[in-house]
Amino acid sequence: MTAKEYLKQAKHLDAQINSLLREVDYWRDLSTEAPFVHALEMIDETQREIDQKLQMLVKLKAEIGRVIDRMPDQEERMVLRYRYLNDCSWEEISALLNVSERTVYRIHGSALQNFSVPE
């Protein structure tokens, strides 16, 4: 697994959770009509899956954060944290660090090269 693939895991898991939340909304809309029992069962089942994935996301973000924190360069740590843990855009990171977007891209590329994916 590449550094980028490892770091993007949290974003992908977050997207799955958001998709499941939309499913819950769908089932809630259906639960107002007969037969609503099936819709209620689906809400419960989907909510359990969301809870499980949220627990996984919290653990994964904590793990990614610990790995990022081991990096020696502070700018690289900040770029990776903003991008992969806080889901900031390149423009937002540029403003937060008070540097150009080009500099953010350069720091990001260097950070990915220096990032060690845990085994």
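Residues numbered from 1 in each chain as written. Predicted model: local features only at pLDDT ≥ 70, side-chain atom pairs only at ≥ 80, totals over all residues. Heavy atoms only, no water.

This paragraph deals with the nonpolar core. Counting 25 residues, the largest nonpolar core has Y6, L7, I64, I68, L80, L112 and F115 as its most contacted members. In contact with L112, other than residues within four places in its own chain, are A3, K4, L7, L80 and Y84. Residues Y82, C88, W90 and V104 belong to the second largest nonpolar core, which totals seven residues. (Core = buried A, V, L, I, M, F, W, Y, C linked by side-chain atoms within 4.5 Å. Buried < 20%, exposed > 50% of the residue type's maximum accessible area, 1.4 Å probe, protein only. Contact = heavy atoms within 4.5 Å.)

The subject of this paragraph is unusual backbone geometry. For D87, which is not a glycine, the phi torsion comes out positive at approximately 55°. Looking at the element boundaries, D87 is found in the loop between α3 (74-85) and α4 (90-97). On the accessibility criterion, D87 (47% relative accessible area) is partly exposed. The backbone phi angle of N98 is positive, close to 60°, even though this residue is not glycine. Among the structural elements, N98 can be located in the loop between α4 and α5 (101-114). (Helix = DSSP H or I, 4+ residues; strand = E, 2+ residues; numbered from the N terminus.)

Next up on the list: α4. Every buried residue of α4 is listed here: W90, I93 and S94. The buried residues of α4 occupy an angular sector of 100° when the element is viewed end-on, so they sit on one face. For α4, the exposed residues lying more than 90 degrees away from the buried face are E91 and A95. Where α4 is buried, its residues contact α3 and α5. (Arc of directions from axis to C-beta.)

Let's shift gears to the environment of N86. Structurally, N86 can be placed in the loop between α3 and α4. In this structure, the C-alpha to C-alpha distance between N86 and Y26, residues 60 residues apart in sequence, is 28 Å.

All right, on to the side chain of K53 then. The topology assignment puts K53 in helix α2 (residues 36-69). What K53 contacts, discounting residues up to four positions off in sequence, is L13, Q16, I17 and L20.

Packing of α4 against α5 brings their axes to within 9 Å, and their N-to-C directions diverge by 100°. As judged from the angle between their axes, α4 and α5 are roughly perpendicular. Facing W90, E91, I93 and S94 of α4, the residues of α5 in contact are E101, V104, Y105 and H108. A class-by-class count of the residues in the contact of α4 with α5 yields four nonpolar, two polar and two charged. (Axes fitted to C-alpha atoms, helices over the stretch in contact; angles between N-to-C directions. Parallel < 35°, antiparallel > 145°, perpendicular 65-115°, else oblique. Nonpolar A, V, L, I, M, F, W, Y, C, P; charged D, E, K, R; others polar.)

A surface patch of negative charge is lined by E23, E41, E45 and E49. Residue contributions to the negative patch peak at three residues, all from α2. Turning to its location among the elements, E45 is positioned in helix α2. (Patch = residues over 30% accessible without salt bridge, like charges linked within 9 Å, V, L, I, M, F, W, Y side chains within 5 Å. Areas by Shrake-Rupley, 256 points an atom, 1.4 Å probe, with all protein chains shown as cover. Salt bridge = Lys/Arg side-chain N within 4 Å of Asp/Glu carboxyl O. Lys, Arg positive; Asp, Glu negative; His and termini not counted. Charge placed at Lys NZ, Arg CZ, Asp CG, Glu CD.)

Attention shifts here to the packing of helix α1 (residues 3-30) against α2. The N-to-C vectors of α1 and α2 enclose an angle of 165°; their axes lie 9 Å apart at closest approach. When the axes of α1 and α2 are compared, the pair comes out roughly antiparallel. As for how α1 packs across α2, the hand of that crossing is left-handed. Considering only residue class, the contact of α1 with α2 consists of 21 nonpolar, five polar and seven charged. (Left-handed = near helix turned anticlockwise from the far one by under 90°.)

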